[in-house]
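Residue-level structural notes
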Amino acid sequence: MADTMRITYASDFSPASRAAFSQALRLAKATGGELTILHVLLSPASMFVAGGYVSEETWNLIETDLRSRADQEMDALVKEAVDAGVRATPQFVDGAIPADGIVWAAEHAKTDILVLGTHGRTGVMKVLLGSVASRVVATASCPVLTVRMPAETRR
């Protein structure tokens with residue numbers, strides 16, 4: 001009997017990653033695979049402009065709020081997967097660079113395929129904002145399925 005397919009779905013909980021979740025669920029159901037739902041927890045520092053000051057108390061509140069929101073989003077995704085008949089495991093990784101955290105987690109889990117959403121930015125917007133998906137595709141050691149956000153939800 002073959003090993004169970006290990007699928008990692010990376011989410012930033014944005015609308016762009018939602019379509020990818022649907023594809024990850026379909027893939028897991030079709031293969032009987034195990035789904036890891038991954039989220040890279042960003043430090044509040046990555047959200048502040050250099051030179052800004054935040055008190056330690058405020059910093060701790062922000063960190064607590066970010067983690068609480070991530071926990072709620074993750075719980076909802078895991079519940080949806082389980083309700084769809086998919087074995088799902090949540091995973092959080094701390095990191096300042098989401099693409100690096102995704103690739104690291106996938107390698108350590110011996111992921112067979114990574115699934116993640118993309119905004120589908122091109123041109124100047126891609127240069128200015130970068131692309132997590134592009135960096136993951138370029139550096140992951142396993143196949144990567146990118147799912148573009150549907151046109152009706154793009155801005």
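Provided above is the structure to which this section pertains.
The structure reproduced in this document is the subject of the present report. (Residues numbered from 1 in each chain as written. Predicted model: local features only at pLDDT ≥ 70, side-chain atom pairs only at ≥ 80, totals over all residues. Heavy atoms only, no water.)

The next subject is the sheet that holds strand E1 (residues 6–10). Judged by pairing direction, the sheet is parallel, and its five strands sit side by side in the order E3-E2-E1-E4-E5 without closing on themselves. Only two strands of the sheet have a single neighbouring strand rather than two, namely strand E3 (87–94) and strand E5 (144–148). In this sheet, adjacent strand axes meet at a mean angle of 25° when their direction is disregarded. Across five bridges, the pairing between strand E4 (residues 113–118) and E5 is parallel. The residue bridging Leu-114 from the neighbouring strand is Val-144, located in E5. Contacts from helix H5 (residues 132–139) reach E4 and E5 within the one sheet, and its direction differs from that of E4 by about 155°. (Pairing = 2+ DSSP bridges. Helix = DSSP H or I, 4+ residues; strand = E, 2+ residues; numbered from the N terminus. Axes fitted to C-alpha atoms, helices over the stretch in contact; angles between N-to-C directions. Contact = heavy atoms within 4.5 Å.)

For the rest of this paragraph, the subject is unusual backbone geometry. Residues other than glycine seldom take positive phi values, yet Phe-13 does so here, at roughly 70°. Among the secondary structure elements, Phe-13 is positioned in the loop between E1 and helix H1 (15–31). The backbone of Lys-110 sits at a positive phi, close to 55°, despite the residue not being glycine. Examined against the element boundaries, Lys-110 turns out to sit in the loop between helix H3 (98–108) and E4. Given the relative accessible area of 58%, Lys-110 is considered exposed. (Buried < 20%, exposed > 50% of the residue type's maximum accessible area, 1.4 Å probe, protein only.)

A word on the packing of aromatic side chains. This model, assessed by the stated rule, comprises one aromatic pair. On the numbers, 5.1 Å between centres and 50° between planes, the contact of Tyr-9 with Phe-21 is tilted. Placement of the pair is Tyr-9 in strand E1 and Phe-21 in helix H1, with a sequence separation of twelve residues. Among the residues examined, Tyr-9 registers a relative accessible area of 1% and is labelled buried. The class of Phe-21 is buried, set by a relative accessible area of 0%. Above the face of the Phe-92 ring, Arg-67 is positioned so that its terminal group lies 4.2 Å from the ring centre. (Phe/Tyr/Trp six-rings, centres within 6.5 Å; stacked < 30°, edge-to-face > 60°. Lys NZ or Arg CZ within 6 Å of the ring centre and 35° of its normal.)

Within this structure, the stated rule accounts for seven salt bridges. The shortest N-O distance in the salt bridge between Asp-65 and Arg-69 comes to 2.9 Å. Here Asp-65 and its partner Arg-69 are both found in helix H2 (residues 56–83), four residues apart, which amounts to about one turn of the helix. (Salt bridge = Lys/Arg side-chain N within 4 Å of Asp/Glu carboxyl O.)

Turning our eyes to something else, we now look at the packing of H1 against H2. Put simply, H1 and H2 touch, their axes get as near as 11 Å, and they point 35° apart. For the crossing formed where H1 meets H2, the hand is right-handed. For the pair H1 and H2, contact is made by Arg-18, Phe-21 and Leu-25 and by Leu-77, Glu-80 and Ala-81, respectively. In terms of residue class, the contact of H1 with H2 is built from four nonpolar, no polar and two charged. (Left-handed = near helix turned anticlockwise from the far one by under 90°. Nonpolar A, V, L, I, M, F, W, Y, C, P; charged D, E, K, R; others polar.)

Structural measurements only, silent on function.
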